[in-house]
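Each chain, written out:
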2 protein chains.
Amino acid sequence: MLRPLLTLTGGLLAALAVVSAQAKPLSQEDISVAEVLRDRALESSDAYSIVESLTVEVGPRRAGTEGDRRAVAWALQKMKTLGFDRVYTEQIDVKRWHRGHAHAEVVAPFPQPLVVSSLGYSVPTPEGGLTAEIVEFADVEALTKAPAKKVKGKIVFINRRMERARTGEGYGPAVQGRSKGMRIAAEKGAVALLLRSVGTDSDRFAHTGMMSIEGVENPVPALALSAPDANLLEAMLKRGKPVEVKLDVDNELLADGPSFNVIGEITGREKPEEVMIIGAHLDSWDEGTGALDDGAGVAIVLETARLIAELPSRPRRTLRVVLFGAEEIGLVGAKQYVEAHRSELDNIIAVSESDFGAGKVWRFDTRLPENKFDIADQMMQLLAPLGIERGNNNSHGGPDGSVFVAQGVPAFGLYQDGTDYFDFHHTPNDTLDKVDPENLKQNVAAWVVMSFLVAEMEGDLGRVPTEH
Amino acid sequence: MLRPLLTLTGGLLAALAVVSAQAKPLSQEDISVAEVLRDRALESSDAYSIVESLTVEVGPRRAGTEGDRRAVAWALQKMKTLGFDRVYTEQIDVKRWHRGHAHAEVVAPFPQPLVVSSLGYSVPTPEGGLTAEIVEFADVEALTKAPAKKVKGKIVFINRRMERARTGEGYGPAVQGRSKGMRIAAEKGAVALLLRSVGTDSDRFAHTGMMSIEGVENPVPALALSAPDANLLEAMLKRGKPVEVKLDVDNELLADGPSFNVIGEITGREKPEEVMIIGAHLDSWDEGTGALDDGAGVAIVLETARLIAELPSRPRRTLRVVLFGAEEIGLVGAKQYVEAHRSELDNIIAVSESDFGAGKVWRFDTRLPENKFDIADQMMQLLAPLGIERGNNNSHGGPDGSVFVAQGVPAFGLYQDGTDYFDFHHTPNDTLDKVDPENLKQNVAAWVVMSFLVAEMEGDLGRVPTEH
């Protein structure tokens, strides 16, 4: 679409083309094929059907549950029908946890129920529940600084709001309350944690999510509150009387059990041992159907591979789609994958993961050695017409991808518009209706350009030194 | 703002002004006072604090519950602080009902949980729940036409979508499934009803609401499904295999009990026995905090009365604010009010109710005898600058107001923008954050114009013949 060279005169054009062909790492032929793939993706790719299938036929699939088991079977079957050369699973071990009920209500001074959700691995309340006064903190830092006597015997209420941003950059600071809040509250003698949901919506849904329980001696129940319910507590506290809340939570930590990474390969025609990994995570939280997190990502990378598998010949290298297990509970699948494949890491030429919903890709980040930036520039010729701008070289390759990046593996990041991602993230409201089929076509178009060119290119991408 | 007369020549203008002054029912002095009230409302009215108080200090208040009892106490107290001359309650009798849990899940072919809410007065399932195949109908008409053998032993799934409109006119046709669906399903031998929520959102909230159980011999459990869950069942059915759903519902019909209409009066200085009634309903459904339905309406009419009470003298007639009880379960408060006050109906000069959320008023409807249309035209001089257009003469005066209208009482309708009202209506998501304080100021400005002028005007409004 954007072809500035066409405005030059014919002779200059020819001369430039020769220079270009000699100097640039990606061949014109490969770029032409990638362009055809891109346009095919825009016209006829159907990632939507894949995420529809996953959400309707499987639905919630928290790691280690029955839904997870069904998702693994679904993924194997789906890969077989999509034309992969090899489809297999690799077992991983996960900490299992049963979510029971979670009820919360204000008992004084203004009795009314609250909408809450247990954070992942929250312990239950004692049988019959617990009732205590709440004590509010602006954020986890304020809680950290508070004297234990202010907290002891109380329910800690962390009331930090998350900022909306296309990049999702409000998440990092806000999620500290979820990952560390319970530990700090428990250490200071609190009886429970209520956390304003880490989310940007104003719907009456609580946002669940993982918290770290490792090494917490006396864990206490930890619940997310919906934004309107956090507002409610805030307004009650402003009236100056003690606010007492009753919690009744029934969860259970179970014995460790198996889950799986599900893997499908388009085997390379020349260097099958060299691998481009494109990934997403198969597991989801358990209150929605995981359409955005990460059904969309699963669909995007599977449809990308399907388009490449339809070419008359295989790319030079192997394209490996890894649907990681147990991402939500600590990148478990990615960590165990890297551990199990440590000796082969040098053959993983690059990694990229789709795990930020179903918005359009708007930025192309990389993590490449400086002498490989040309490759990204060439890719940009095909990505720019999709409305994608060149980003930075700090891509972490996605959550699971970051585990590979930590080992020096180069990465690509096709950054999606996440403006409304945290409206739905980790809530019952993460459902198929939030996915726009047209946006998925644009995603697949970008993914197929990047994936094909890396799998097909002559040279490699080297290694990227890790920062520490 | 709209003064076409100003384009006429001076002499003709003066002549017309004389004719106008003689012919028009509302005096220029009254109109001037109304204009001051309107502008004061726009600048400094604070209905928002009232709805904030109701939602924070009371919250859910379904008729006949503890929350309802607290709401009545709240309303009495609030009226006393707002400057009413007389504040009192009138007892009504309501059918009471306990909402227990309502769980639903697909058990085959694709097991996963569904988000549902019992419709008002739904019976429970047998202990341990019930499981049956679902059978889909496009709407209640299709169910009515279906042979009993298609329905017998099954769970009826009514899958009608509601249209979005500023007027909310999609509600009437869509709500038929809720009001009549269970009765028809039960008569044909169904074991339960699942209804696509009567709502316009695509959030994972089920919209509860009243259904008619009067005279149903063998009622069956009736539940609303959230829109995403209705989509899910629809998608499963398209795959061609029988879809089996398990329901586990625990509700209970209780003995009848008391609720109250709460009434506050600004007593008329000249004709205290003549009354302008402005109303809203105090009860709400029980899963949200009833901010839009009808906390906003309660706040608008209370703040309207407060502004009028601040005038140096009382209006000629009595302004009576009636906060009706038990509107949601069948206009119970309004019906019992009219029954109890039948002999005084001729003194109710007009009625109007605010019960359509917290959007801006955009249209001014009436129900007046034809020879009183001038009054509405004069009011429009003050309403038009608020962005309000003249509507029709078919106003029903609001849900509770309609009970008065059926007795020939004239009515006014300040029609709010309801574009997003049915996104939140009867769901847990009906919370304070959906209320815009600026919109409430505009509402109060319109209400104070209408309420003051009717209470103050020289003549009366006559009676409007009922249609049958």
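Model, not experiment: these values are computed from the prediction.

In terms of helices and strands, chain A carries 15 helices and 18 strands. Projected onto the principal axes, the alpha-carbon positions of chain A cover approximately 85 × 45 × 40 Å. Within chain A, the proportion of its 468 residues that are buried is 59%. Taking as baseline every contact in chain A between residues at least 6 positions apart, the subset at least 24 positions apart corresponds to 84%. Total accessible area on chain A stands at roughly 17800 Å², and carbon and sulfur atoms take up 51% of it. Both charge centroids of chain A, one from 50 positive and one from 68 negative side chains, sit 4 Å from each other.

The next subject is the sheet that holds strand β5 (residues 116-118) of chain A. Consider a sheet: its strands pair through backbone hydrogen bonds, and that pairing is either parallel or antiparallel. Residue and element names in this part refer to chain A. Here 8 strands make up an open sheet; going across it, the order is β4-β3-β10-β6-β7-β8-β9-β5 and the pairing mixed. The sheet is open, and its two edges are formed by β4 (112-114) and β5, each paired on a single side. Here the strands of the sheet are splayed against their neighbours by 30° on average, with no regard to which way each runs. In the sheet, strand β6 (residues 130-137) pairs with strand β7 (residues 155-158) via 4 bridges, with the strands oriented parallel. Looking across to β7, one finds that Glu136 is bridged to Phe157. Lying on the sheet, helix α8 (residues 176-187) is in contact with β7, β8 (192-196) and β9 (222-225); it crosses β8 at an angle near 155°.

All right, on to the interface of chain A and chain B then. At the interface, 31 residues of chain A touch 31 residues of chain B. Broken down residue by residue, the surface that chain A buries against chain B is led by A:Val56, A:Arg204 and A:Arg239, which jointly contribute 25%. Our enumeration of links across chain A and chain B arrives at 4 salt bridges. Of the charged contacts, one joins A:Glu57 and B:Arg239 as a salt bridge, the two residues approaching to 2.7 Å between their closest N and O atoms. At the surface where chain A touches chain B, the tally comes to 20 residue pairs in polar contact (both at pLDDT 80 or more). Counting only elements with at least two residues in the side of chain A that touches chain B, the list comes to α3 (47-57), β4 and α9 (227-238) of chain A.

Residue and element names in this part refer to chain B. Their axes nearest at 11 Å, the elements helix α2 (residues 28-44) and helix α9 (residues 291-309) cross at an angle of 125°. As judged from the angle between their axes, α2 and α9 are oblique. Relative to α9, α2 is oriented so that their crossing is right-handed. Contacts between α2 and α9 involve Leu37, Arg40, Ala41 and Ser44 from the former and Glu303, Arg306, Leu307 and Ile308 from the latter.

Under the fitted operation, chain A is carried onto chain B by 0.0 Å of movement along the axis and a turn of 180°, and the coordinates agree to an RMSD of 0.0 Å. Put plainly, the chains are arranged around a two-fold axis. Looking at chain A, 100% of its interface residues are interface residues in chain B too, so the copies touch through the same face.

Below, the discussion takes up the pattern of salt bridges. Tallied over the full model, the rule gives 52 salt bridges over all chains. The partner of A:Glu265 in a salt bridge is A:Arg320, with the nearest N and O atoms 2.7 Å apart. Within this pair, whereas A:Glu265 is found in strand β12 (residues 257-266), its partner A:Arg320 is found in strand β14 (residues 317-324), the two being separated by 55 residues in sequence. Look at A:Arg320 and you get buried, because its relative accessible area is 10%. Two residues, B:Arg99 and B:Glu287, come together in a salt bridge whose shortest N-O distance is 4.0 Å.

Moving on: helix α2 (residues 28-44) of chain A. Helical geometry note: an α-helix holds 3.6 residues per turn, so side chains three or four residues apart project in the same direction. Residues and elements named next belong to chain A. Helix length check: α2, at 17 residues, gives a terminal C-alpha distance of 24 Å against a target of 24 Å (1.5 Å per residue), a fit within 8%. When we look at burial in α2, the residues that qualify are Asp30, Ile31, Ala34, Glu35, Leu37, Arg38 and Ala41. Seen from one end, α2 has its buried residues packed into an arc of 165°, which puts them on one side. For α2, the exposed residues set more than 90 degrees away from the buried face come down to Gln28, Glu29 and Glu43. At its buried positions, α2 is contacted by α10 (291-309), α12 (373-383) and α15 (437-456).

Residues and elements named next belong to chain A. The sheet contact formed by strand β3 (residues 102-108) and strand β10 (residues 244-249) spans 6 bridges and is antiparallel. Residue pairing across strands places Ala102 opposite Val249, the latter belonging to β10. Here β3 pairs with β4 via 3 bridges, running antiparallel. Residue pairing across strands places Val106 opposite Gln112, the latter belonging to β4. Hairpin connection, β3 to β4: the antiparallel pair is bridged by 3 residues.

Attention shifts here to the packing of aromatic side chains. Within the structure shown, the criterion is met by 23 aromatic pairs over all chains. Measuring from ring centre to ring centre gives 6.0 Å for B:Phe356 and B:Tyr415, while their planes differ by 75°; the resulting arrangement is edge-to-face. On the criterion of sequence distance, the pair formed by B:Phe356 in the loop between β15 (348-353) and β16 (361-367) and B:Tyr415 in strand β18 (residues 411-416) is long-range, its members being 59 residues apart. Overall, the relative accessible area of 15% leaves B:Phe356 in the buried class. Between B:Phe356 and B:Tyr421, the ring centres sit 4.7 Å apart and the planes meet at 55°, which makes this aromatic pair tilted. Of the two residues, B:Phe356 sits in the loop between β15 and β16 while B:Tyr421 sits in helix α13 (residues 421-424), which places them 65 residues apart along the sequence. A relative accessible area of 4% places B:Tyr421 in the buried class. Chaining the aromatic ring pairs together yields one cluster made of A:Tyr171, A:Phe356, A:Trp362, A:Tyr415, A:Tyr421 and A:Phe422.

What follows deals with the sheet that holds strand β9 (residues 222-225) of chain B. Residue and element names in this part refer to chain B. Taken together, the 8 strands give an open sheet; going across it, the order is β4-β3-β10-β6-β7-β8-β9-β5, and neighbouring strands pair in mixed fashion. Where the open sheet ends on each side, the last strands, each with one partner, are β4 (112-114) and β5 (116-118). Averaged over all neighbouring strand pairs, the angle between strand axes comes to 35°, with direction disregarded. Where β5 meets β9, 3 bridges bridge the pair, whose relative direction is antiparallel. Its bridge partner lying in β9, Ser117 is registered against Ala224.

All names here are of chain A. When you line up the elements, Ala174 lands in helix α7 (residues 171-174). What makes Ala174 buried here is its relative accessible area of 6%. Taking C-alpha positions, Ala174 is 9.0 Å from Val140, a pair spaced 34 residues apart along the chain. Non-local contacts of Ala174, meaning those with residues more than four positions away in its chain, are made with Arg160, Met162 and Val198.

With that settled, consider the confidence of the model for chain A. Taken over all residues, the pLDDT of chain A has a mean of 95, while the share at 70 or more is 95%. In this model, residues 1-21 of chain A is a region of pLDDT below 50 whose contacts with residues beyond four sequence positions or in other chains number 8 contacts.

On to the environment of B:Asp250. Residue and element names in this part refer to chain B. By secondary structure assignment, the location of Asp250 is in the loop between β10 (244-249) and β11 (252-253). When the C-alpha positions of Asp250 and Thr125 are compared, they lie 6.6 Å apart, and in sequence the two are 125 residues distant. Ignoring sequence-local partners within four residues, the contact set of Asp250 consists of Arg99, Gly100, His101 and Pro124.

This part covers the packing of α2(B) against helix α11 (residues 373-383) of chain B. Residues and elements named next belong to chain B. The geometry of α2 relative to α11 is characterised by a closest axis approach of 10 Å and an angle of 35° between their N-to-C directions. Judged by the twist between their axes, the crossing of α2 over α11 is right-handed. Taking contact as the criterion, the partners of Ile31, Ala34, Glu35 and Arg38 in α2 are, on α11, Gln378, Gln381 and Leu382.

Let's shift gears to the side chain of B:Gln416. All names here are of chain B. Relative to the helices and strands, Gln416 is located in strand β18. The exposure class of Gln416 is buried, given its relative accessible area of 2%. A polar contact of 3.1 Å, which involves the side chain of Gln416, links it to the side chain of Asn443. If we skip the residues at most four places from it in the chain, Gln416 touches Arg166, Ile300, Ser354, Asp355, Phe356, Gly357, Ala358, Gly359, Lys360, Val361, Trp362 and Asn443.

Residue and element names in this part refer to chain B. One can find Gly357 in the loop between β15 and β16. In this structure Gly357 comes out as buried when scored by relative accessible area, which is 0%. With near-sequence residues (within four places) excluded, Gly357 lies in contact with Leu292, Ala296, Gln416 and Tyr421.

Reading the values: rules and limits
- Residues numbered from 1 in each chain as written.
- Chains lettered and ligands numbered in written order.
- Predicted model: local features only at pLDDT ≥ 70, side-chain atom pairs only at ≥ 80, totals over all residues.
- Heavy atoms only, no water.
- Helix = DSSP H or I, 4+ residues; strand = E, 2+ residues; numbered from the N terminus.
- Buried < 20%, exposed > 50% of the residue type's maximum accessible area, 1.4 Å probe, protein only.
- Contact = heavy atoms within 4.5 Å.
- Areas by Shrake-Rupley, 256 points an atom, 1.4 Å probe, with all protein chains shown as cover.
- Lys, Arg positive; Asp, Glu negative; His and termini not counted.
- Charge placed at Lys NZ, Arg CZ, Asp CG, Glu CD.
- Pairing = 2+ DSSP bridges.
- Axes fitted to C-alpha atoms, helices over the stretch in contact; angles between N-to-C directions.
- Buried area = accessible area lost by both parts, 1.4 Å probe.
- Salt bridge = Lys/Arg side-chain N within 4 Å of Asp/Glu carboxyl O.
- Polar contact = N/O pair within 3.5 Å; in protein donor to acceptor, adjacent residues only side chain to side chain.
- Parallel < 35°, antiparallel > 145°, perpendicular 65-115°, else oblique.
- Left-handed = near helix turned anticlockwise from the far one by under 90°.
- Least-squares fit on C-alpha atoms with pLDDT ≥ 70 in both.
- Expected span 1.5 Å × (residues − 1).
- Arc of directions from axis to C-beta.
- Phe/Tyr/Trp six-rings, centres within 6.5 Å; stacked < 30°, edge-to-face > 60°.
- pLDDT = per-residue confidence, 0-100.

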